[in-house]
Amino acid sequence: MARLLTEAAHTRNAASPDFFGLADLLTDEERQVQQLVGRWVDERVLPIIGDAFDQHTFPRDLIPEMAEMGLFGPTLQDYGCAGLSNIAYGLIMQELERGDSGLRSFASVQSGLVMFPIHKYGSDEQKQQWLPDMAKARKIGCFGLTEPDGGSDPGAMKTHAKKQGGDWVINGAKMWITNGTVADVAVVWAMTDNGVRGFLVEKGTPGYSARDIHKKMSLRASITSELFFDNVRIPARNQLPKAEGLAGPLGCLTQARYGIAWGVLGAAQACYQEALTFAKSRILFGRPLTHTQTIQIRLADMLRRITTGQLLAWRLGKLKEDDAMHHTQVSLAKWNNCRLAIDIARDARDLLGGMGITTECCPIRHANNLESVITYEGTETIHQLVVGREITGIAAF
Ligand code: TGC
Ligand code: FAD
């Protein structure tokens, strides 16, 4: 029976190589979730995503369908959320990013960066107000941490909140914010007299505005914005009561980075599959490309990297499931899997020759997207330095 289920997963998942039988390690529910989302990506995302990227538009009509499948806040209990395992969450991210990093970004932000902090740090009233609507995507959220003067060191943020009577007054700006202009609510991190605190700022609040960032060559099928706060007055009840210090936002980043460690494997798998298909049918020097040693070595190396990334992500998921995952392990996995994905995407682009420079093929779109993914949620350098600090005890940032 287990063998049959594995074979079924392999058959459906021709685009997702599973050389070490990861499917055997999944529960029935996890396999079903992967199949559901994978089929949806094949049918609804892949046919339109190249054009969305070309046209620099986010395919918003897909959002209700994602909500219908329970893809927002899927690991949360109650509030209309699915209560799935962390491995299932990772598989969702992987399948979405097999479509496009922009789609996975949307889900990451809604789930890991907005619903998670409301669930973990929010009051009962905040949870009731936002979580059921966000699970169904009737409300959309964004996460404002990065500022124009630098994102790697959020402890130096300039945006500040001052207590005035019973209200908070926020001034400052945030930069590179996914979903900023479409968000009904922004989770905003600001410096107070007592350190960093988190606030829920609703769209339409006087003094709060957002504008989109254009001319991106990466994550073109995703909305990226700037947020501005000009004496934005919000009631005290909009503060997240249980978030104290930088550990508040960094705790959210751990959730989203976990999802990225899985997600980028989807982008890598899509590129590997397209390169393999091309190499089988491209006849050069009288034989298919797959008959040459260097092409085989490149394909084998892609599979090696994908396989090691899958096993790393799976083990990380098990640690998370056991509440034993440390954020430095997430840093290593985010760094490793982003690096392997962008290297595979670039190599697949080259292997496709001239065809590889068009968005008719997926590698250049994924490679360009991964330029953002390797930068956001902590740059590769930051994650290397986090691991370096863990090894040596010295913060060398
Ligand atoms: P540091 O002293 O290390 O930490 C301050 C407090 O936070 C705790 N902590 C963490 N907790 C949970 N998860 C983590 N990953 C944590 N890292 C640290 C730490 O234990 C400490 O707690 P406590 O209780 O002792 O106060 O802080 P630092 O100022 O030295 O900074 C360390 C550094 C550089 C690693 C951190 O600032 C960092 O991670 N910088 C990168 C910033 C970043 O990743 N920004 C991402 C913005 S959001 C985004 O990109 C969304 S993309 C969305 C999409 O998918 O579209
Ligand atoms: P900087 O911090 O200015 O870094 C510049 C360079 O310096 C990098 O190469 C970095 O690695 C390097 N560097 C930094 N410190 C050191 C050091 N100590 N030693 C050596 N090198 C160092 N942020 C949000 O808050 N919310 C979002 O929703 C969000 N979405 C994003 C979407 C996109 C498409 C992008 C591109 C970014 C998004 N970000 C978001 C911001 C992202 O998190 C930041 O871009 C990232 O953290 C890096 O910050 P920065 O761009 O200011 O670069």
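Here the structure is a predicted model, which means the values were calculated and not measured.

1. Regarding the site of ligand 2
At step 1: Neighbouring residues of ligand 2: 19 residues in total, closest Thr-146, Gly-151, Ser-152, Trp-176 and Thr-379.
At step 2: Between ligand 2 and Phe-143 there is a distance of 2.8 Å, counted from a nitrogen atom to a backbone nitrogen or oxygen.
At step 3: Measuring from a nitrogen atom of ligand 2, one finds a backbone N or O atom of Trp-176 at 2.7 Å.
At step 4: Out of a free accessible area of 980 Å², ligand 2 has 68% covered by protein chains.

2. A word on the domain arrangement of the protein chain
At step 1: Under the domain assignment used here, the protein chain contains domain 1 (2-135), domain 2 (141-238) and domain 3 (247-392).
At step 2: For domain 1 versus domain 2, the separation of C-alpha centres amounts to 26 Å.
At step 3: Overall, the association of domain 1 and domain 2 removes approximately 1,900 Å² of surface from exposure, summing both partners, and the carbon and sulfur fraction of that is 66%.
At step 4: Considering only the side of domain 1, the residues that lose the most area to domain 2 are Phe-53, His-56 and Trp-130, jointly responsible for 30% of the buried surface there.
At step 5: There are 0 salt bridges connecting domain 1 and domain 2.
At step 6: Where domain 1 touches domain 2, the interface holds 6 residue pairs in polar contact (both at pLDDT 80 or more).

3. With respect to the site of ligand 1
At step 1: Close to ligand 1 lie 25 residues; Ser-105, Thr-178, Thr-254, Arg-257 and Gly-378 are nearest.
At step 2: At 2.9 Å from an oxygen atom of ligand 1 is found a side-chain nitrogen or oxygen belonging to Arg-389.
At step 3: Isolated, ligand 1 exposes 1,100 Å² of accessible area, and the fraction of that covered by the protein chains is 72%.
At step 4: For the shell around ligand 1, the secondary-structure elements that each account for two or more residues are α5 (101-121), α7 (247-281) and α11 (380-392).
At step 5: Per-element tally for the shell around ligand 1: the top contributor is α7, with 6 residues.

4. As for the pairing of strand β3 (residues 167-178)
At step 1: Direction of pairing for strand β2 (residues 160-164) relative to β3: antiparallel, over a ladder of 5 bridges. Within β3, the position partnered with Lys-162 by the bridge is Val-169.
At step 2: Relative to strand β7 (residues 224-235), β3 runs antiparallel, the two sharing 9 bridges. Bridging across to β7, Ile-170 finds its partner in Val-232.

5. Remarks on a nonpolar patch on the surface
At step 1: Among the surface-exposed residues, Phe-19, Phe-20 and Leu-311 lie close enough to one another that they form a single nonpolar patch of about 350 Å² accessible area.
At step 2: Tracing the backbone shows Phe-19 in the loop between α1 (2-12) and α2 (28-54).
At step 3: Note on Phe-19: relative accessible area 60%, which makes it exposed.

6. A few points about the nonpolar core
At step 1: In this structure, Trp-40, Phe-72, Leu-96, Trp-189 and Trp-262 are the most contacted members of the largest nonpolar core, which totals 104 residues.
At step 2: At 18 residues, α7 tops the list of elements feeding residues into this core.
At step 3: Sequence-distant contacts of Trp-40, that is, excluding residues within four places in its chain, are made with Val-45, Leu-62, Glu-65, Met-66, Met-69, Leu-96 and Leu-103.
At step 4: Core analysis: the next-biggest nonpolar cluster, separate from the first, contains 16 residues, Val-188, Phe-199, Phe-229 and Ile-234 among them.

7. Looking at the packing of aromatic side chains
At step 1: Per the counting criterion, the structure on display carries 9 aromatic pairs.
At step 2: Ring centres of Phe-19 and Phe-20 lie 6.2 Å apart, and the angle between their planes is 45°; on these two criteria the pair is classed as tilted.
At step 3: Where Tyr-121 meets Trp-189, the ring centres are 6.4 Å apart and the plane angle is 90°; that geometry is what we call edge-to-face. With a gap of 68 residues between them, Tyr-121 in helix α5 and Trp-189 in strand β4 (residues 185-192) connect regions that are remote in the sequence. For the pair shown, Tyr-121 and Trp-189 are each scored as buried.
At step 4: An aromatic cluster is built from Phe-116, Tyr-121, Phe-143 and Trp-189, whose rings are joined through pairwise contacts.

Calculation notes
Residues numbered from 1 in each chain as written. Chains lettered and ligands numbered in written order. Predicted model: local features only at pLDDT ≥ 70, side-chain atom pairs only at ≥ 80, totals over all residues. Heavy atoms only, no water. Near = heavy atom within 4 Å. Polar contact = N/O pair within 3.5 Å; in protein donor to acceptor, adjacent residues only side chain to side chain. Areas by Shrake-Rupley, 256 points an atom, 1.4 Å probe, with all protein chains shown as cover. Domains from an automatic or database assignment. Buried area = accessible area lost by both parts, 1.4 Å probe. Salt bridge = Lys/Arg side-chain N within 4 Å of Asp/Glu carboxyl O. Helix = DSSP H or I, 4+ residues; strand = E, 2+ residues; numbered from the N terminus. Pairing = 2+ DSSP bridges. Patch = residues over 30% accessible without salt bridge, like charges linked within 9 Å, V, L, I, M, F, W, Y side chains within 5 Å. Buried < 20%, exposed > 50% of the residue type's maximum accessible area, 1.4 Å probe, protein only. Core = buried A, V, L, I, M, F, W, Y, C linked by side-chain atoms within 4.5 Å. Contact = heavy atoms within 4.5 Å. Phe/Tyr/Trp six-rings, centres within 6.5 Å; stacked < 30°, edge-to-face > 60°.

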